[in-house]
Amino acid sequence: MICENCQQREAAIVVTQVNNGHQLKKHLCHECAATIHPFHVEPQHDTLHDMLSTWFGSPTWYNEQQQPKKQPTCDTCHTTFDQFLQDGKFGCTDCYDAFRENLPQLLKRLHGGTEHTGKMPGAVSEKAALKKRIELLRQTMRTAVEEERFEDAAKLRDEARALEAQLAGGDEA
């Protein structure tokens with residue numbers, strides 16, 4: 001696609017402007033985007049580490065005086081969190097456990113949360129909603145039993161069973 005501004009170079013950036021719920025998209029080359037767009041546009045980051053440090057500043061294991069603290073490191077493959085950010089991949093499966101404390105913060109900054117909230121096909125979405133509802137009913141039922149509200153717990157159990165039957169009926173179709 002050709003840049004909509006200069007009509008000469010290949011468009012590499014899509015700028016979306018939203019006004020009163022209406023989206024206006026422009027396909028721009030890097031040069032036009034840098035001059036027109038109000039935000040600074042970087043053509044490419046060499047590594048994930050460069051991109052993250054541009055967006056979020058220094059890593060969390062540095063304190064205010066920029067004195068390095070002990071950096072998270074995987075005991076199995078000896079990959080540091082900085083290496084993970086730079087390479088964009090873990091060294092082994094144990095890295096997930098080694099960097100467990102840092103990953104939720106990173107995912108929240110990159111994706112806005114740690115739970116998938118995107119679109120799903122209709123049938124899958126309905127099943128997922130039913131499963132969530134059943135799990136919520138089971139949790140509420142456990143609380144009711146602990147509080148010795150057995151009649152409420154029985155109603156919740158019956159409602160959960162009805163939803164499970166509905167879910168099982170939908171699987172057979």
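Residues numbered from 1 in each chain as written. Predicted model: local features only at pLDDT ≥ 70, side-chain atom pairs only at ≥ 80, totals over all residues. Heavy atoms only, no water.

**Examining the overall build of the chain**
Counting secondary structure elements, the chain contains 7 helices and 2 strands. The N-to-C order of helical and strand elements in the chain reads β-β-α-α-α-α-α-α-α. Taken across its 173 residues, the chain has 23% of its residues classed as buried. Taking as baseline every contact in the chain between residues at least 6 positions apart, the subset at least 24 positions apart corresponds to 31%. Accessible surface, the chain as shown: approximately 13,000 Å² in total, 50% of it carbon and sulfur. (Helix = DSSP H or I, 4+ residues; strand = E, 2+ residues; numbered from the N terminus. Buried < 20%, exposed > 50% of the residue type's maximum accessible area, 1.4 Å probe, protein only. Contact = heavy atoms within 4.5 Å. Areas by Shrake-Rupley, 256 points an atom, 1.4 Å probe, with all protein chains shown as cover.)

**Digging into unusual backbone geometry**
Phi at His78 is positive, roughly 65°, even though this residue is not glycine. Inspection of the secondary structure assignment puts His78 in the loop between helix H2 (48-56) and helix H3 (81-87). Even without glycine at this site, Glu148 takes up a positive phi of about 60°. Mapped onto the fold, Glu148 is located in the loop between helix H6 (122-146) and helix H7 (150-172).

**A look at the environment of Leu167**
Within the element layout of this structure, Leu167 appears in helix H7. Taking the relative accessible area as the measure of exposure, Leu167 reaches 14% and is therefore buried. Expressed as a C-alpha distance, the spacing of Leu167 and Ala128, which sit 39 residues apart in the sequence, is 9.7 Å. Beyond its immediate sequence surroundings of up to four residues, Leu167 is in contact with Lys127, Leu130, Lys131 and Ile134.

**Concerning the state of the cysteines**
Throughout this description, disulfide means a covalent bond between two cysteine sulfur atoms. Using the criterion set out here, one finds 0 disulfides in the structure. No disulfide involves Cys3; its sulfur sits 3.7 Å from the nearest other cysteine sulfur, which is in Cys32. Residue class for Cys32 comes out buried when judged on its relative accessible area of 5%. (Disulfide = S-S within 2.5 Å.)

**Let's talk about the packing of aromatic side chains**
Counted according to the given criterion, the structure contains 6 aromatic pairs. Here Phe84 and Phe90 contribute two aromatic rings whose centre-to-centre distance is 4.4 Å and whose plane-to-plane angle is 15°, an arrangement assigned as stacked. Each ring, one from Phe84 and one from Phe99, has its centre 6.3 Å from the other, and the planes form 20°; the classification is stacked. One end of the pair, Phe84, is in helix H3; the other, Phe99, is in the loop between helix H4 (95-98) and helix H5 (103-111), with 15 residues separating them in the sequence. Across this residue pair, the class does not change: Phe84 and Phe99 are buried. Of the aromatic side chains, those joined through ring pairs into one cluster are Phe81, Phe84, Phe90, Tyr96 and Phe99. (Phe/Tyr/Trp six-rings, centres within 6.5 Å; stacked < 30°, edge-to-face > 60°.)

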